Number of protein chains: 2
Amino acid sequence: MGDAPVKFTLGERDIPTHWVNLMADLPGDAPPPLRAGRDGVLEPAGPDDLSPIFPMALILQEVSGEPEIEIPEPVREAYKLWRPTPLFRAHRLEKELGTPAHIYYKYEGVSPAGSHKPNTAVAQAYENAAAGVKKLTTETGAGQWGSSLAFACRLFGLECEVWMVGSSYDQKPYRRSMMQTWGATVHRSPSDLTQSGRANAQHPTGSLGIAISEAVEVAAQNADTNYSLGSVLNHVLLHQTVIGQEAIAQMEMAGEYPDIVVGCVGGGSNFGGLTFPFLRRNIRDGATTTFVAAEPAACPTLTRGVYAYDFGDTAGLTPLMPMYTLGHDFVPPPVHAGGLRYHGDSPLVCALVKAGMVQPRAYRQNETFDAAVRFARSEGIIPAPEPAHAIRAVIEEAEAAREAGEERVILFGLCGHGHFDLSAYDAYLAGQLEDPEFSEADRDAALAALPEAPALA
Amino acid sequence: MGDAPVKFTLGERDIPTHWVNLMADLPGDAPPPLRAGRDGVLEPAGPDDLSPIFPMALILQEVSGEPEIEIPEPVREAYKLWRPTPLFRAHRLEKELGTPAHIYYKYEGVSPAGSHKPNTAVAQAYENAAAGVKKLTTETGAGQWGSSLAFACRLFGLECEVWMVGSSYDQKPYRRSMMQTWGATVHRSPSDLTQSGRANAQHPTGSLGIAISEAVEVAAQNADTNYSLGSVLNHVLLHQTVIGQEAIAQMEMAGEYPDIVVGCVGGGSNFGGLTFPFLRRNIRDGATTTFVAAEPAACPTLTRGVYAYDFGDTAGLTPLMPMYTLGHDFVPPPVHAGGLRYHGDSPLVCALVKAGMVQPRAYRQNETFDAAVRFARSEGIIPAPEPAHAIRAVIEEAEAAREAGEERVILFGLCGHGHFDLSAYDAYLAGQLEDPEFSEADRDAALAALPEAPALA
């Protein structure tokens, strides 16, 4: 290593001034989201379908075709609390793998909530506060998103009310404490505060689908309350593109450009945030980077799902979205990468996979934790289980570079730390980590629930 | 706030090249540590007393009078994994307090282990590895130090064996998992692996004193094994002075110099690391900064202890050290700031308090958590309970500046995050946090155990 730089650090003046809207670059017209009209016939969903629960500024971002959207100054001010995030060269991991590849990682775990989620949480809280909204509701599973929104609401003087999936509420009290420390109100879902909650009292451990329904119901019924979503939607991925833009500047500092960019995918916001600025260079400037989307084999949306219209939530309250899906009532096994347990995926990311511009790969839980521990033992940072999937793919690529004897440049997104996931590491180290499979029978059962809708090309 | 900078960021070239040894600046000769000679008479402890468990390079640092000591290149390389750490201007906290004071904080929670402890852990692991040692032993309470040493040993190819206080081992499994993720072996103390452990089988919950004895015993008995301590000793504080040196450079970037520097004090390594470079400016260059050492009222070593020779450990295995002490068998109540539950303090810090160059202050647990929550809700980062004591003192100073109508510049050390302390926040927010007092009777009982030794001036 010697004098070789390890960490590429930008100043706060280098925080991007605009978000990158990849909608402007996609080939052809994206299939629109659909909703049932008055007569039950499906028709394109428009801004009015979203206005009861989202402010107009975010709806306009959701449907915008502009290539860049300016970041409001108060959002950039909030970003200064943790951005720019560092980019590291993984010299020690390279040495451990004996690879000629140059491995870089962009680390989002330095945010107060410990992941990339605050990048969109502060943008959403700001636009809601600017629109005169007083309170945001949301759901959370393991708590990454809920804690990020609690933090963001505090910064912009909003109340925050979170429905936390019952089983997580009971088993992971620390993320709940984090939300409460930032002043949020946290309800165990299903709660008796909503019709959706009371109707599901027979499912006491709850589900993300029920929690979404509770949060949306409260937002829809109260004029001064809106709902906030942490992934999947276009505007959420848009806000995350600060990650990739900073990474481009930092790779320039390193004097390299990635041959391969790897990110994990759940709803797609981490993946889109890192890759979209690089993808634009492929599309517009003739760059030839390969993009790899890493997902869990227990919830293999991109690798084994179908490309079809499906609901975004289990209860079927959202418009139908064009995406790879395992069926909206698929309940993935309880792998520790809670942020990747989603039956569908961002329509933008799915369109890129469909177009062959992104390669999806699926990894089993034990091989993922093996990669995470190798990373922690060489680079120090203990990764969250979600980005550990990206690390697994990176090791695969680094080994391929060694076989080929090629000095490939690999960049991946380390989107969060694993400080709240150590019980999973404990199970892995004790040889007691489950390694659920997804069978053809699972797939058939999961896909049986797809709603009737036009086929996608 | 507008365009005012929030974060002052250095590049890795700005990592200090030397540690600051404040021994060279102290007025008069420091009283030496003492040990019992062959005839039982106390005499100054020398390097030979330490060589069975420490490598000579660290012993020489321990007794050095040189004003600066060069940082070995491999240690600076390891520092690059997280250093330089950021310095923040707390604009949002200032606004919340309505104070004209300018508040800055140096944040050490970005290290892989989440605190300042790795600054010395990597230096100690390097020197031991360079001396041909194969394994380091240590004790840990809540686990901050054990996890830092586990991480550092991994970087330098050493085995690491940690005796963790039994009650913490049972109640705080995540810090144990962290150590194991980095490859350390963790024993519940008292263990049946040592004489000290077997002799204390009747104290199943263990204590730091017992754990130290176990770790020292194993190190003393094995030629290829040394012991490592995370605070108190001169060389440990020396290694931490990278913090204060970076902070000086970052305050220059901000165009200010602190009127007041605040740190929390347990064994003194965080406090010394931040303040010594600034204290040197007071001593040599006529700066007039005030230094405040914040400690828990439940373990008020500096504010209510006596300045006397005492053992560093409960069992009385160490040399006698000149320090403020509550008596070496004082067992502080179980406040959540586990890192501040030490009966004594660094002899260097104690000498500065004795000389009137550092002002100690003690704070109760509830007022400390109140300060921590106010900080988290304005600045985002959730602080560990230890630096929350410093935040409490900062709020006091900021309010005094408001009363005086003076634009005072305050800097404090935010030496770690609270990701593993959220159960304490939970108790505080629920109004169930205990608030133990330290009475005159406690003090009399605690001080009764002081060993016979020469009085200190």
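Note that this is a predicted model, so its numbers are computed, not measured.

Q: Report on helix α16 (residues 365-379) of chain B, specifying residues and quantitative values.
A: Residue and element names in this part refer to chain B. With 15 residues, α16 extends 21 Å from end C-alpha to end C-alpha; this agrees with the ideal 21 Å at 1.5 Å per step. Within α16 the residues assigned to the buried category are Gln 365, Thr 368, Phe 369, Ala 371, Ala 372, Val 373, Phe 375, Ala 376, Ser 378 and Glu 379. Positive phi appears at Gly 380, one or two residues downstream of α16, with a value of about 95 degrees.

Q: Tell me about the packing of helix α2 (residues 56-63) of chain B against helix α5 (residues 118-130) of chain B, and name the residues and values.
A: Residues and elements named next belong to chain B. It is the contact of α2 with α5, at a shortest axis distance of 8 Å, that shows an interaxial angle of 130 degrees. The pairing of α2 with α5 is recorded here as oblique in orientation. Of the residues in α5, those in contact with Ala 57, Leu 58 and Gln 61 of α2 are Gln 124, Glu 127 and Asn 128. Residue classes in the contact of α2 with α5 are distributed as two nonpolar, three polar and one charged.

Q: How would you summarise the relation of the copies chain A and chain B if you had to cite specific residues and measurements?
A: In the superposition of chain A on chain B (RMSD 0.0 Å, axial shift 0.0 Å), the rotation amounts to 180 degrees. Look at the turn and shift together and you get a two-fold axis relating the two. Here 100% of the interface residues in chain A have copies in chain B that are interface residues too; the copies meet face to matching face.

Q: Go over the interface of chain A and chain B with me, naming the residues and quoting the values.
A: Across the contact, 48 residues belong to chain A and 48 residues belong to chain B. Roughly 4100 Å² of surface becomes buried between chain A and chain B when both sides are summed, with 55% attributable to carbon and sulfur atoms. For the interface between chain A and chain B, the tally reads two salt bridges. Asp 426 of chain A is the partner of Arg 176 of chain B in a salt bridge, and the nearest nitrogen-oxygen pair spans 3.2 Å. Looking at the side of chain A that touches chain B, the element that brings in the most residues is helix α8 (residues 173-181) of chain A, giving six residues.

Q: Which residues make up helix α5 (residues 118-130) of chain A, and what values go with them?
A: Residue and element names in this part refer to chain A. With 13 residues, α5 extends 18 Å between its outermost C-alpha atoms, agreeing within 8% with the 18 Å of an ideal straight helix rising 1.5 Å per residue. Burial runs high along α5: ten of the 13 residues are buried. Looking at α5, one finds that the buried residues are Pro 118, Asn 119, Thr 120, Ala 121, Val 122, Ala 123, Gln 124, Ala 125, Glu 127 and Asn 128. A positive phi of about 85 degrees marks Gly 132, the residue just after α5.

Q: Describe the pattern of salt bridges, naming the residues involved and giving the relevant values.
A: Enumeration over the complete set of coordinates arrives at 45 salt bridges over all chains. In this structure, the salt-bridge partner of Glu 96 of chain A is Arg 374 of chain A, at a minimum N-O distance of 3.2 Å. Residue Glu 96 of chain A is found in helix α4 (residues 91-97), and its partner Arg 374 of chain A is found in helix α16 (residues 365-379); the two are separated by 278 residues along the sequence. For Glu 96 of chain A, a relative accessible area of 43% gives the class partly exposed. Residue classification places Arg 374 of chain A among the partly exposed positions, given a relative accessible area of 25%. With a shortest N-O distance of 2.7 Å, Glu 108 of chain B and Arg 83 of chain B are connected by a salt bridge. Taken together, the positions of Glu 108 of chain B in the loop between β7 (102-107) and α5 and Arg 83 of chain B in the loop between α3 (73-79) and β6 (87-89) put the pair 25 residues apart, joining distant regions of the chain. If you follow the salt bridges from partner to partner, you end up with Arg 83, Lys 106, Glu 108 and Glu 246 of chain A in one network.

So, how was this worked out
Residues numbered from 1 in each chain as written. Chains lettered and ligands numbered in written order. Predicted model: local features only at pLDDT ≥ 70, side-chain atom pairs only at ≥ 80, totals over all residues. Heavy atoms only, no water. Helix = DSSP H or I, 4+ residues; strand = E, 2+ residues; numbered from the N terminus. Expected span 1.5 Å × (residues − 1). Buried < 20%, exposed > 50% of the residue type's maximum accessible area, 1.4 Å probe, protein only. Axes fitted to C-alpha atoms, helices over the stretch in contact; angles between N-to-C directions. Parallel < 35°, antiparallel > 145°, perpendicular 65-115°, else oblique. Contact = heavy atoms within 4.5 Å. Nonpolar A, V, L, I, M, F, W, Y, C, P; charged D, E, K, R; others polar. Least-squares fit on C-alpha atoms with pLDDT ≥ 70 in both. Buried area = accessible area lost by both parts, 1.4 Å probe. Salt bridge = Lys/Arg side-chain N within 4 Å of Asp/Glu carboxyl O.

Bear in mind that shape data such as this cannot, by itself, settle questions of function.
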